[in-house]
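# Coordinates in review
Single-letter residue listing:
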Amino acid sequence: MDTITQAVLGAAVGQAGFSKTLGRRANWYGALAGLTPDFDVLARMAGEWQSLVFHRGPTHALWFGPVVGTVLGYATWRYYRRKAQKAPPEKPVEVGPLRAWIGLWVLGLLTHPLLDVFTTYGTQLLSPFSDARFALNGVGIIDPFYTVPLMIALLIGWRSRAHPKRAARAAQIGLVLTCGYLCYGVSQNRIAKAHATTTLSQLQVKTTHIEAYPTVLQPWVHRVVARDGNAAYVTYVSTLSLNSLLWSRT
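Residues numbered from 1 in each chain as written. Predicted model: local features only at pLDDT ≥ 70, side-chain atom pairs only at ≥ 80, totals over all residues. Heavy atoms only, no water.

In this fold, aspartate 40 is placed in the loop between helix H2 (25–35) and helix H3 (48–54). Of the buried charged residues, aspartate 40 lacks a salt bridge, with arginine 56 as the closest side chain of opposite charge at 7.4 Å. A polar side-chain atom of aspartate 40 sits 3.0 Å from a polar atom in the side chain of threonine 59. In contact with aspartate 40, other than residues within four places in its own chain, are Phe54, His55, Arg56, Gly57, Thr59 and His60. (Helix = DSSP H or I, 4+ residues; strand = E, 2+ residues; numbered from the N terminus. Buried < 20%, exposed > 50% of the residue type's maximum accessible area, 1.4 Å probe, protein only. Lys, Arg positive; Asp, Glu negative; His and termini not counted. Salt bridge = Lys/Arg side-chain N within 4 Å of Asp/Glu carboxyl O. Polar contact = N/O pair within 3.5 Å; in protein donor to acceptor, adjacent residues only side chain to side chain. Contact = heavy atoms within 4.5 Å.)

Given below as structure tokens:
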């Protein structure tokens, strides 16, 4: 999904699971972890083709979070430990548990590709061992219905910074709600696909493949593409009103 959403998700993960042990740093490092996998866009400097090949590649694989997150978590812990050793007694620096830092980085990195799986473009979860892209087509790359609840949870956490438990609970609720919304988006996609398939069968059009794709900003209108081997049929389906469809043949 978009950069802002990935940062917000990482920050929410940090607030939900680690704000009680790491304080407000959990939000900032969580946001950074949420953004880190998208640094693979630097491949665009080598050309548009390299960008298409490598974006959502190794940095979005399932192994990346546990492996790189462990290294970055340990490095962050070492950084604060050295900083605490050099800090004057009147200004102590809280280090935080090593396992909390590792957990924050691992989850922050791992939730990024898991969220991308719910979009249309797909994610190479098994890269570099396989270039297969996994896509559930549940939400568009920009969806305020997903992003805004997490922003509200972060706002509540900021206003409740003196109460870490309250901040953590707000983020946990936000994550549960948005996870449910992702599943709802997948269900809407399946409804759209099923309706389009039924419509084509009524028109006696035999297809070899049919797929539905969510559109931007909402989960209810889907672009459906069906192929019969020689041509493609395209239409839009609204799951709020499953009426007859107008197909265009290309």
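Sheet architecture is open: four strands sit in the order E1-E2-E3-E4, paired in antiparallel fashion. Of all the strands in the sheet, just strand E1 (209–214) and strand E4 (248–249) have a single pairing partner and so form its edges. Taken together, the six bridges between E1 and strand E2 (residues 221–227) define a ladder with antiparallel strand orientation. Bridging from a neighbouring strand, alanine 212 pairs with valine 224 of E2. Here helix H7 (residues 164–202) sits on the sheet in contact with E1, E2 and strand E3 (232–238), set at roughly 140° to E1. (Pairing = 2+ DSSP bridges. Axes fitted to C-alpha atoms, helices over the stretch in contact; angles between N-to-C directions.)

All we've got here are geometric facts, nothing functional implied.
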